[in-house]
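# Observations on chain architecture
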Amino acid sequence: MGFSISVEDGQGEATITLTGELDAAAAPQFKEAIEKVAEAKPQRLILLMDQLEFMASAGLRVLIFARQKMGAGVSLYVVGSRGPVLNTLKMSGFHHSVYLQDTYSPE
Amino acid sequence: MDKLSLPAVLDSLAELRRYARDAAARAGIDADRSYQLQLAVDEIATNIISYGYKDAAPSAAIAIHGVITADALVVTLEDQAPAFDPRGRQLPDAADLARPLEERGIGGLGIYLAIQGVDRFDYRREGGRNLNIFEMRRDHGTAH
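So, a few notes on the structure that sits alongside this text. Since the model is a prediction, treat every value here as computed from it, not as a measurement.

### Examining the overall build of chain A
Within chain A one finds 3 helices and 5 strands. Here the C-alpha atoms of chain A give a radius of gyration of 12 Å, agreeing with the 13 Å that 2.2 N^0.38 yields for 107 residues. Taken along its principal axes, the extent of the C-alpha atoms in chain A is 30 × 25 × 20 Å. Out of the 107 residues in chain A, the part that is buried amounts to 41%. Considering only residue pairs separated by 6 or more positions, chain A has 68% of its internal contacts joining residues 24 or more positions apart.

Rendered as structure tokens:
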């Protein structure tokens, strides 16, 4: 099923949509997108994951990278993740550091 | 099931997961537990390919083999990289996992997810090969 990623820049926020299977082979694409988005210095980074079917720790490491790259003032939203992907995020303790939401709603 | 041997490259991960998914389906393992098995295989294979075979020849291979018994599905990953027992890796503990991402190290998370997700994980070194063994109970009483 592969992996695809799309990026949308908006007013002070950037949205990245992740689709398919995010494994170690796909993670560099995700990391590149984060680097690109960080240049515009958004206040909020929204990661849409409702179409993400699989995520390995390589994807989690890019989330850690995003958190560290964007700086403490930037809010990170993980939106629409479900099932085992959501479970992995929680097992790894990421709910302490990002907003996990069903649908996007700025805090 | 037939053993499947693949080039030790990250692009083989999808096929390794597919093999684990097919094996889980044949063993009557439900979707959530099948996912945990696929994740475990993916994480350990990623380690083998990225670190074990770091300086390996392009011909390096990783093989996967599934055996379905009356009680369990046993999936084995086999490689010829230097010996590495994932069970010896220091894994993140509860305090590490509660730490903000700003302060996270990145080590051990994959192996943690792999070992947590399966019913039994085992490792053996045999004849110059690493055997990483994942076992899932067949808990839904499929007829044999």
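### Looking at the sheet that holds strand 2 (residues 61-68) of chain B
Think of a sheet as strands paired side by side through backbone hydrogen bonds, with each pair either parallel or antiparallel. Residues and elements named next belong to chain B. Taken in spatial order, the 5 strands of this open sheet run 1-2-3-5-4, and their pairing is antiparallel. Strands with a single pairing partner mark the edges of an open sheet, and in this sheet they are strand 1 (4-7) and strand 4 (120-126). On average, adjacent strands in this sheet sit at an angle of 20° to one another, irrespective of strand direction. Taken together, the 8 bridges between strand 3 (residues 72-79) and strand 5 (residues 129-137) define a ladder with antiparallel strand orientation.

### Quick word on the interface of chain A and chain B
Facing the 22 residues of chain A at the interface are 22 residues of chain B. Taken together, the elements giving at least two residues each to the side of chain A that touches chain B come down to helix 2 (57-70) and helix 3 (83-91) of chain A. At 8 residues, helix 2 of chain A tops the list of elements feeding residues into the side of chain A that touches chain B.

### Side note on the packing of helix 1 (residues 27-39) of chain A against helix 2 of chain A
Residue and element names in this part refer to chain A. Contact pair helix 1 / helix 2: the axes reach a minimum separation of 9 Å and the direction vectors enclose 15°. Here helix 1 is positioned roughly parallel relative to helix 2, judged by the angle of their axes. Considering how the two elements wind past one another, helix 1 and helix 2 form a crossing that is right-handed. Counted together, A27, F30, K31, I34 and A38 of helix 1 and A58, G59, V62, F65, A66, K69 and M70 of helix 2 form the full contact between these two elements.

### So, the pairing of strand 2 of chain B
The side chains of a regular strand alternate between the sheet's two faces. Residue and element names in this part refer to chain B. Two elements, strand 1 and strand 2, share 4 bridges in a ladder whose sense is antiparallel. Each bridged residue has a counterpart across the sheet, and for S5 the counterpart in strand 2 is A63. Summarising the sheet, strand 2 and strand 3 pair through 7 bridges and their orientation is antiparallel. Each bridged residue has a counterpart across the sheet, and for I62 the counterpart in strand 3 is D79. As consecutive antiparallel partners, strand 2 and strand 3 are separated by 3 residues.

### A closer look at the nonpolar core
Counting 66 residues, the largest nonpolar core has L22 of chain A together with L37, V41, A45 and I48 of chain B as the members making the most contacts within it. Here this core takes 9 residues from helix 2 (residues 31-52) of chain B, the largest share from any one element.

### Structural notes on the packing of helix 2 of chain B against helix 4 (residues 109-117) of chain B
All names here are of chain B. Their axes nearest at 8 Å, the elements helix 2 and helix 4 cross at an angle of 145°. The crossing of helix 2 and helix 4 is left-handed. Judged by residue contacts, Q36, L39, A40, E43, I44, T46 and N47 of helix 2 engage G110, I111, L113, A114 and G117 from helix 4. Here the contact of helix 2 with helix 4 is built from residues that sort into 6 nonpolar, 5 polar and 1 charged.

### Structural notes on helix 3 of chain A
Taken residue by residue, helix 3 of chain A has P84, V85, T88 and L89 of chain A as its buried positions. Viewed end-on, helix 3 of chain A has its buried residues packed into an arc of 145°, placing them on one side of the element. For helix 3 of chain A, the secondary structure elements touched by its buried residues are strand 3 (44-55), strand 4 (75-79) and strand 5 (99-101) of chain A together with helix 2 and helix 4 of chain B. Once helix 3 of chain A finishes, G93 of chain A follows within two positions and takes phi at roughly 80°, a positive value.

### Quick notes on the environment of I46 of chain A
All names here are of chain A. With respect to the helices, strands and loops of the structure, I46 is situated in strand 3. A tally of 22 C-beta atoms within 10 Å means that I46 is categorised as buried. Separated by 52 residues in the primary sequence, I46 and V98 have C-alpha atoms spaced 10 Å apart. I46 has contacts with E13, T15, Y77, V79 and Y104, leaving out every residue within four places of it along the chain.

Cut-offs applied
- Residues numbered from 1 in each chain as written.
- Chains lettered and ligands numbered in written order.
- Predicted model: local features only at pLDDT ≥ 70, side-chain atom pairs only at ≥ 80, totals over all residues.
- Helix = DSSP H or I, 4+ residues; strand = E, 2+ residues; numbered from the N terminus.
- Rg over C-alpha atoms; globule rule 2.2 N^0.38 Å.
- Buried ≥ 20, exposed ≤ 12 C-beta atoms within 10 Å, placed from the backbone.
- Contact = placed C-beta atoms within 7 Å.
- Pairing = 2+ DSSP bridges.
- Axes fitted to C-alpha atoms, helices over the stretch in contact; angles between N-to-C directions.
- Parallel < 35°, antiparallel > 145°, perpendicular 65-115°, else oblique.
- Left-handed = near helix turned anticlockwise from the far one by under 90°.
- Core = buried A, V, L, I, M, F, W, Y, C linked by C-beta atoms within 7 Å.
- Nonpolar A, V, L, I, M, F, W, Y, C, P; charged D, E, K, R; others polar.
- Arc of directions from axis to C-beta.

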